[in-house]
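Observations on chain architecture
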Amino acid sequence: MSLLGYHVPLLRSIPEELGLAPVGAVAQRPGVADVCRITVHYYDRRACDSVATVINSRTSGASLETVYRRALGHKPLTHPLTEARYRAFFLALRAAGFDKLVDQDGLPAYDSTDVWMIERAAGTFIRSVVVAPSIVHSAPHKALITAVQTHLPEALRMVK
């Protein structure tokens, strides 16, 4: 079975297991402009898998909410985001061509590397991209990873 055949269902099950609504459902909530979610799976279990969701609301602005699998009683850690920081992240996604990217090529056929699923939803639009940060080669995927690392470091905070 390929890594994507194994990991896409795994990555999609993490938010479900944590009781989180799908990004499409969150984007449909009244007042929500758009949503971005980063689901991180650590293949060697050195840290808890996590789901970080950025919700940009027309009324209350943007915030980042992170929930960890097997830690903190699945209670979310919430961080408000300034408009400038949210805009910088959104523009970095756009510059990477996120809305047209496909899953990263060249992933191993076995569970031997950390993988992320980055999802974005706005209205009825939903897009997801799977990347493996330690073995990424393409410029657009590197730009996508850098966007998350630079603008949302809290989304990648490891909890053991």
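This one's a predicted model, so the numbers in the text were calculated from it and none came from an experiment.

Across its full length, the protein holds four helices and six strands. In sequence order, the protein lays out its α and β elements as α-α-β-β-β-β-α-β-β-α. Radius of gyration (C-alpha) of the protein: 15 Å, near the 15 Å computed for a compact globule of 160 residues. With respect to the principal axes defined by its C-alpha atoms, the protein has extents near 45 × 35 × 25 Å. Here the analysis covers contacts within the protein between residues at least 6 apart in sequence; of these, 61% occur between residues at least 24 apart. Total accessible area on the protein stands at roughly 7800 Å², and carbon and sulfur atoms take up 57% of it. Separation of charge centres in the protein, based on 18 positive and 14 negative side chains, amounts to 4 Å.

For the coordinates displayed, the defined rule picks out eight salt bridges. Residue Glu17 is joined to Arg69 by a salt bridge in which the shortest nitrogen-to-oxygen separation is 2.7 Å. In this pair, Glu17 sits in helix 1 (residues 3–17) while Arg69 sits in the loop between strand 3 (61–68) and strand 4 (77–81), placing the two residues 52 residues apart along the sequence. Accessibility expressed as a relative area gives 43% for Glu17, which makes it partly exposed. Across the salt bridge formed by Asp49 and Arg69, the nearest N and O atoms sit 2.8 Å from each other. Here Arg69 lies in the loop between strand 3 and strand 4 and Asp49 lies in the loop between strand 1 (32–41) and strand 2 (50–57), a separation of 20 residues in the sequence. Taking relative accessible area as the criterion, Arg69 reaches 12% and is therefore assigned buried. If you follow the salt bridges from partner to partner, you end up with Glu17, Asp49 and Arg69 in one network.

Within the secondary structure layout, Glu154 lies in the segment after helix 4 (139–151). Classification of Glu154 by relative accessible area gives buried; the value is 12%. Once residues lying within four places of it in the same chain are set aside, the contact partners of Glu154 are Leu64, Thr66, Tyr68, His79 and Arg85.

Adjacent strands of a sheet pair through backbone hydrogen bonds, lying either parallel or antiparallel. On the basis of which strands lie adjacent, the open sheet formed by six strands has the order 4-3-2-1-5-6 and antiparallel pairing. Of all strands in the sheet, those with a lone pairing partner are strand 4 and strand 6 (125–131), marking the two edges. With direction set aside, neighbouring strand axes in the sheet form an average angle of 15 degrees. Sitting on the sheet, helix 3 (residues 83–95) touches strand 1, strand 2, strand 3, strand 4 and strand 5 (115–122), and the angle it makes with strand 1 is about 70 degrees.

Time to look at the nonpolar core. The biggest cluster of nonpolar side chains holds 30 residues, and the ones touching the most others in it are Ile38, Trp116, Ile118 and Leu144. If you list the elements that add at least two residues to this core, you get strand 1, strand 2, strand 3, helix 3, strand 5, strand 6 and helix 4. Examining the composition of this core, we find that five residues originate from one element, helix 3, more than from any other. The residues contacting Leu144, other than those within four sequence positions of it, are Leu93, Ala96, Phe98, Leu101, Ile118, Val129 and Val131. Within the second largest apolar cluster, 10 residues are counted, among which are Leu18, Val67, Met117 and Ala132.

With 13 residues, helix 4 extends 18 Å between its outermost C-alpha atoms, agreeing within 8% with the 18 Å of an ideal straight helix rising 1.5 Å per residue. Those residues of helix 4 not exposed but buried are His141, Leu144, Ile145, Ala147, Val148 and His151. Summarising the axial view, the buried residues of helix 4 lie within an arc of 160 degrees, below the 170-degree limit, and thus occupy one face. Each element contacted by the buried residues of helix 4 is listed here: strand 1, helix 3, strand 5 and strand 6.

The next subject is the confidence of the model for the protein. On average, residues of the protein score 89 in pLDDT, and 95% of them reach the 70 mark or higher. When mean pLDDT is compared element by element in the protein, strand 2 scores highest at 96, while helix 1 scores lowest at 76.

Parameters and conventions
Residues numbered from 1 in each chain as written. Predicted model: local features only at pLDDT ≥ 70, side-chain atom pairs only at ≥ 80, totals over all residues. Heavy atoms only, no water. Helix = DSSP H or I, 4+ residues; strand = E, 2+ residues; numbered from the N terminus. Rg over C-alpha atoms; globule rule 2.2 N^0.38 Å. Contact = heavy atoms within 4.5 Å. Areas by Shrake-Rupley, 256 points an atom, 1.4 Å probe, with all protein chains shown as cover. Lys, Arg positive; Asp, Glu negative; His and termini not counted. Charge placed at Lys NZ, Arg CZ, Asp CG, Glu CD. Salt bridge = Lys/Arg side-chain N within 4 Å of Asp/Glu carboxyl O. Buried < 20%, exposed > 50% of the residue type's maximum accessible area, 1.4 Å probe, protein only. Pairing = 2+ DSSP bridges. Axes fitted to C-alpha atoms, helices over the stretch in contact; angles between N-to-C directions. Core = buried A, V, L, I, M, F, W, Y, C linked by side-chain atoms within 4.5 Å. Expected span 1.5 Å × (residues − 1). Arc of directions from axis to C-beta. pLDDT = per-residue confidence, 0-100.

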